[in-house]
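These are the residues of each chain, in order.
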Amino acid sequence: DTEVTQTPKHLVMGMTNKKSLKCEQHMGHRAMYWYKQKAKKPPELMFVYSYEKLSINESVPSRFSPECPNSSLLNLHLHALQPEDSALYLCASSPEPLGPYNEQFFGPGTRLTVL
Amino acid sequence: AQTVTQSQPEMSVQEAETVTLSCTYDTSENNYYLFWYKQPPSRQMILVIRQEAYKQQNATENRFSVNFQKAAKSFSLKISDSQLGDTAMYFCAFMMRGGATNKLIFGTGTLLAVQP
């Protein structure tokens, strides 16, 4: 299994809703990432988990809450989002947090719309 | 801080022809990695090619090759025999070797359209 899966593919939510995005990989990778991508823009790093511990938070607002329950699973909990949070949310994983085995494998993304 | 610049927002090429996408970067580091990622419309981002800065030889993957000029801090991607499936957004990315984590710094992207 050489892929990163993300669910759901599409999500529409109101500003008062609570929802979660899910990411899964079964490649034994020890680093996982959340990115936010606006249309025709590069991905912006949000969070990095290394060996299931949060190692980087790129000053993301607290309405985004990441969670790494185990080495294969990464969640992003959403609460009280704003319309400007509408974007494609990408998950990625890499074999190691550091070192030469650093290719990041991306999932297909969750297209989030906040009304 | 490292920056990556892609000066061509959009490019077009005829099928079977060759196209070169430009990328320049700025860093004071000596050891790093450079990547080209491809993101087709509504599809997953995938790695096209990777270059390690300490290797002088340019990386090649089938129809994709790079021209890595370390002194000039330039990392262009050449696509030979372009195919319709090459239509995508292409991102150049930088990663420091030995940093606190494997953080990718992306350029703004080049939207490539392959015309039949």
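Please read all numbers here as calculations on a predicted model, not as lab measurements.

Asker: Please clarify how the overall build of chain A should be interpreted in this entry.
Answerer: Across its full length, chain A holds zero helices and 11 strands. Along its sequence from the N terminus, chain A presents helices and strands in the succession β-β-β-β-β-β-β-β-β-β-β. In terms of C-alpha radius of gyration, chain A reaches 13 Å, essentially the compact-globule figure of 13 Å for 115 residues. With the C-alpha coordinates of chain A rotated into their principal frame, the extents come out at 40 × 25 × 25 Å. The buried share among the 115 residues of chain A stands at 48%. Relative to all contacts within chain A whose residues are 6 or more apart in sequence, the contacts with residues 24 or more apart total 55%. Carbon together with sulfur atoms contributes 52% to the accessible area of chain A, which is approximately 5,500 Å² in total. Taking the average location of the 12 positive side-chain charges in chain A and that of its 11 negative ones, the two points are 9 Å from each other.

Asker: Whenever I open this one, the state of the cysteines confuses me. Can you help?
Answerer: Two cysteines joined by a covalent bond between their sulfur atoms form a disulfide. All told, the structure shown has two disulfides over all chains when counted by the stated rule. The residue that forms a disulfide with C23 of chain A is C91 of chain A, at a sulfur-sulfur distance of 1.9 Å. Negative torsions about the S-S bond denote left-handed disulfides, and the value of about -70° found for C23 of chain A with C91 of chain A makes this one left-handed. Taken together, the positions of C23 of chain A in strand β3 (residues 18–25) and C91 of chain A in strand β9 (residues 87–94) put the pair 68 residues apart, joining distant regions of the chain. The exposure class assigned to C91 of chain A is buried, which follows from its relative accessible area of 0%. Each disulfide pairs two cysteine sulfurs, and for C23 of chain B the partner residue is C92 of chain B, the sulfurs being separated by 2.0 Å. Across the S-S bond of C23 of chain B and C92 of chain B the torsion is about -70°, and the bridge reads as left-handed.

Rules behind the numbers
- Just so you know, the residues in each chain are numbered from 1, in the order the chain's sequence is written.
- Throughout, the order in which chains and ligands are written sets their labels, letters from A for the former and numbers from 1 for the latter.
- The predicted nature of this model means local features are confined to residues of pLDDT at least 70 and side-chain atom pairs, given and counted, to a pLDDT of 80 or more, with totals for whole chains, interfaces and linings taken over all residues.
- Hydrogens and waters are ignored; side-chain quantities use all the structure's heavy atoms.
- By definition, any uninterrupted DSSP run of H or I lasting at least four residues is a helix, any uninterrupted run of E lasting at least two residues is a strand, and each is numbered from the N terminus.
- The reference for a compact globule is 2.2 Å times residues^0.38; the radius of gyration itself is calculated from the C-alpha atoms.
- Think of it in three bands: residues with accessible area under 20% of the maximum for their type are buried, residues over 50% are exposed, and the middle band is partly exposed, with areas taken using a 1.4 Å probe on protein chains only.
- Note on definitions: a residue-residue contact is assigned when non-hydrogen atoms from the two residues lie within 4.5 Å.
- Here, Shrake-Rupley sampling with a 1.4 Å probe gives the accessible areas, and only protein chains in the shown set may cover a residue.
- In this count, Lys and Arg are taken as positive residues and Asp and Glu as negative ones, while His and the chain termini are left out.
- Charge placement uses NZ in Lys and CZ in Arg. For Asp and Glu, CG and CD serve respectively.
- The disulfide definition used here is simple: a pair of cysteine sulfur atoms within 2.5 Å.

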